[in-house]
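Here's the letter readout for the chains.
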Amino acid sequence: MLLQRIDEFSPQSLMMTAWSLSTLGMSGWSQMRVIADAARPRLAEFNELWIGSILWSIASCPVEEEEELERKRYLVSLSSAPVLHPLGQWRGHKLCLLANGLFQVRDELPEIWQQVETRWMTELAA
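Residues numbered from 1 in each chain as written. Predicted model: local features only at pLDDT ≥ 70, side-chain atom pairs only at ≥ 80, totals over all residues. Heavy atoms only, no water.

Here we take up the overall build of the chain. From N to C terminus, the chain includes six helices and zero strands. Here the C-alpha radius of gyration of the chain, 14 Å, is about what a compact globule of 126 residues would show, namely 14 Å. The dimensions of the chain, computed from C-alpha atoms along their principal axes, are 45 × 30 × 25 Å. Relative to all contacts within the chain whose residues are 6 or more apart in sequence, the contacts with residues 24 or more apart total 71%. Of the roughly 7000 Å² of accessible surface on the chain, 54% is carried by carbon and sulfur atoms. (Helix = DSSP H or I, 4+ residues; strand = E, 2+ residues; numbered from the N terminus. Rg over C-alpha atoms; globule rule 2.2 N^0.38 Å. Contact = heavy atoms within 4.5 Å. Areas by Shrake-Rupley, 256 points an atom, 1.4 Å probe, with all protein chains shown as cover.)

By the element assignment, Arg71 lies in helix α4 (residues 68-78). Residues in contact with Arg71, not counting those within four places in the same chain, are Trp29, Ile58, Ala59, Ser60, Cys61, Val63 and Gln104.

Running from amino to carboxyl end, helix α3 (residues 48-60) crosses helix α5 (residues 92-102) at an angle of 35°, the nearest separation of the two axes being 8 Å. Pair α3 / α5 crosses with left-handed handedness. Here Glu48, Leu49, Gly52, Ser53, Leu55, Trp56 and Ala59 of α3 lie close against α5, whose contacting residues are His93, Lys94, Leu97, Leu98, Asn100, Gly101 and Leu102. (Axes fitted to C-alpha atoms, helices over the stretch in contact; angles between N-to-C directions. Left-handed = near helix turned anticlockwise from the far one by under 90°.)

What follows is about the nonpolar core. If you look at the biggest cluster of nonpolar residues, it comprises 38 residues, and the most contacted ones within it are Leu14, Ile51, Ile54, Leu78, Leu102 and Val116. When residues of this core are traced back to their parent elements, those giving at least two are α1 (11-23), α2 (29-39), α3, α4, α5 and α6 (110-125). In this structure Val116 touches Leu87, Leu95, Leu98, Ala99 and Leu102, once residues within four positions along its chain are discounted. (Core = buried A, V, L, I, M, F, W, Y, C linked by side-chain atoms within 4.5 Å. Buried < 20%, exposed > 50% of the residue type's maximum accessible area, 1.4 Å probe, protein only.)

Attention now moves to the packing of aromatic side chains. Counted by the stated rule, this structure contains two aromatic pairs. Centroid distance Trp29 to Tyr74: 5.5 Å. Interplanar angle 85°. Geometry classified as edge-to-face. Residue Trp29 is found in helix α2, and its partner Tyr74 is found in helix α4; the two are separated by 45 residues along the sequence. Across this residue pair, the class does not change: Trp29 and Tyr74 are buried. Relative to Trp113, the ring of Phe103 lies with its centre 5.8 Å away and its plane at 70°, an arrangement referred to as edge-to-face. Residue Phe103 is located in the loop between α5 and α6, and its partner Trp113 is located in helix α6; the two are separated by 10 residues in the primary sequence. On the basis of relative accessible area, Phe103 is assigned to the partly exposed category, the value being 42%. Residue Trp113 is classed as buried on the basis of its relative accessible area of 14%. The ring of Phe103 carries Arg106 above its face, with NZ or CZ at 3.8 Å from the centroid. (Phe/Tyr/Trp six-rings, centres within 6.5 Å; stacked < 30°, edge-to-face > 60°. Lys NZ or Arg CZ within 6 Å of the ring centre and 35° of its normal.)

What follows is about the environment of Asp107. In this structure, Asp107 sits in the loop between α5 and α6. Distance in space between the C-alpha atoms of Asp107 and Glu67 is 18 Å, their sequence separation being 40 residues.

A word on the packing of α3 against α4. Where α3 meets α4, the closest approach of the two axes is 10 Å, and the angle between their N-to-C directions is 170°. It follows from the interaxial angle that α3 and α4 lie roughly antiparallel. In this structure, α3 uses Ile51, Ile54, Leu55, Ile58, Ala59 and Ser60 to contact α4, whose residues at the interface are Arg71, Leu75 and Leu78. (Parallel < 35°, antiparallel > 145°, perpendicular 65-115°, else oblique.)

Quick look at α2 now. For α2, the complete set of buried residues consists of Trp29, Met32, Ile35, Ala36, Ala38 and Ala39. Buried residues in α2 make contact with α1, α3 and α4.

Here's what the structure looks like:
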């Protein structure tokens, strides 16, 4: 029932729903797909924390083998969020969420991944 009104959710509410379902182990791929579909047309409204958390939630959601390719397509699609181009001031927890969220699709997003990996390694060395 909650996801029936998903189009009314703010970007922050979409993120919190995805994160909560993932953290509690209550997420299924069908739920994450609904959240991702609601987020895609509104990507310009997402800040670093919100898109990073959505990406992490989708990446950490258990999927069946036949759903893996679809999940990757969603991760690539959501990575078109303006807040990722250019990568900007991603640091700390937000950068960690992004790195974990995009790791599965690093080969599909070489330019973004290179920036994420470089920034992450710099943070780890600091």
